[in-house]
Amino acid sequence: MKKRLLVTVVLVALVMTSLIGCTKKEVTLESFVKDNPSEEAALEQLTADDPNAQIEFEGNLMRIIYNVEDENITKDILDSAMDMMEDIFNGIAQDLVKSTGIEGIQIEVLYQKADGEEITRRIFE
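What counts, and at which threshold
Residues numbered from 1 in each chain as written. Predicted model: local features only at pLDDT ≥ 70, side-chain atom pairs only at ≥ 80, totals over all residues. Heavy atoms only, no water. Core = buried A, V, L, I, M, F, W, Y, C linked by side-chain atoms within 4.5 Å. Buried < 20%, exposed > 50% of the residue type's maximum accessible area, 1.4 Å probe, protein only. Helix = DSSP H or I, 4+ residues; strand = E, 2+ residues; numbered from the N terminus. Contact = heavy atoms within 4.5 Å. pLDDT = per-residue confidence, 0-100. Salt bridge = Lys/Arg side-chain N within 4 Å of Asp/Glu carboxyl O. Pairing = 2+ DSSP bridges. Right-handed = clockwise from strand over helix to strand, strands pointing away.

Draft legend 1. Here's a closer look at the nonpolar core. The biggest cluster of nonpolar side chains holds 25 residues, and the ones touching the most others in it are Met 62, Phe 89, Leu 96, Ile 107, Val 109 and Tyr 111. When residues of this core are traced back to their parent elements, those giving at least two are α2 (29-35), β1 (53-58), β2 (61-68), α4 (75-100), β3 (106-113) and β4 (118-124). In terms of residue count, the dominant contributor to this core is α4 (seven residues). In this structure Phe 89 touches Ile 64, Tyr 66, Ile 107, Val 109 and Phe 124, once residues within four positions along its chain are discounted.

Draft legend 2. Just the confidence of the model for the chain, in detail. This prediction gives the chain a mean pLDDT of 83; 80% of its residues lie at or above 70. β4 holds the highest mean pLDDT among the elements of the chain, 97, whereas helix α1 (residues 2-23) holds the lowest, 41. Below pLDDT 50 for its whole length, residues 1-23 participates in zero contacts with residues either more than four positions away or in separate chains.

Draft legend 3. Representation of the pattern of salt bridges. The full count for this structure, using the stated rule, is nine salt bridges. Among the ionic pairs, Lys 75 bridges to Asp 79, the shortest N-O distance being 2.6 Å. Placement of both Lys 75 and Asp 79 in helix α4 is noted, with a separation of four residues, approximately one turn of the helix. Exposure remark for Asp 79: the relative accessible area of 15% places this residue in the buried category. Through salt bridges with shared partners, a single ionic network connects Glu 56, Glu 58, Arg 63, Glu 108, Glu 118 and Arg 121.

Draft legend 4. Inspection of the pairing of β3 at higher detail. Among the eight residues of β3, six are classified as buried, and the element is accordingly described as predominantly covered. Pairing between β2 and β3: eight bridges, direction parallel. Directly across from Val 68, in β3, lies its bridge partner Lys 113. As a crossover connection, the stretch from β2 through α4 into β3 is right-handed. Taking the residues that link successive antiparallel strands as the turn, the β3-β4 hairpin has four residues, and the phi of Gly 116 there is positive, at about 95°.

Right, dumping it as structure tokens:
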């Protein structure tokens, strides 16, 4: 009888633990910035000086979109610029992981023409 009671208690505990785990909301960078408007505003300062840039959040991805109006700027020039900025963008991603406690944060940098056509993009971690 005591063994049966013990088994029942253990099973109830396991079921409760799994239910709690199922109802726990997964925190992503996107949900974090929605719940912390001051953090979102701070991140948007990264592009505040550039009227042709904007930031979007999707899951654990922070996408920085640059609209390139100068037709003389080529994919090769932009790729070279991203090569030079790689440490900076990787550092931003790593700082976000440290400050939020959210693993797997990525920074996507997307350059596109004014009409939305993609020129180039890269993901940093």
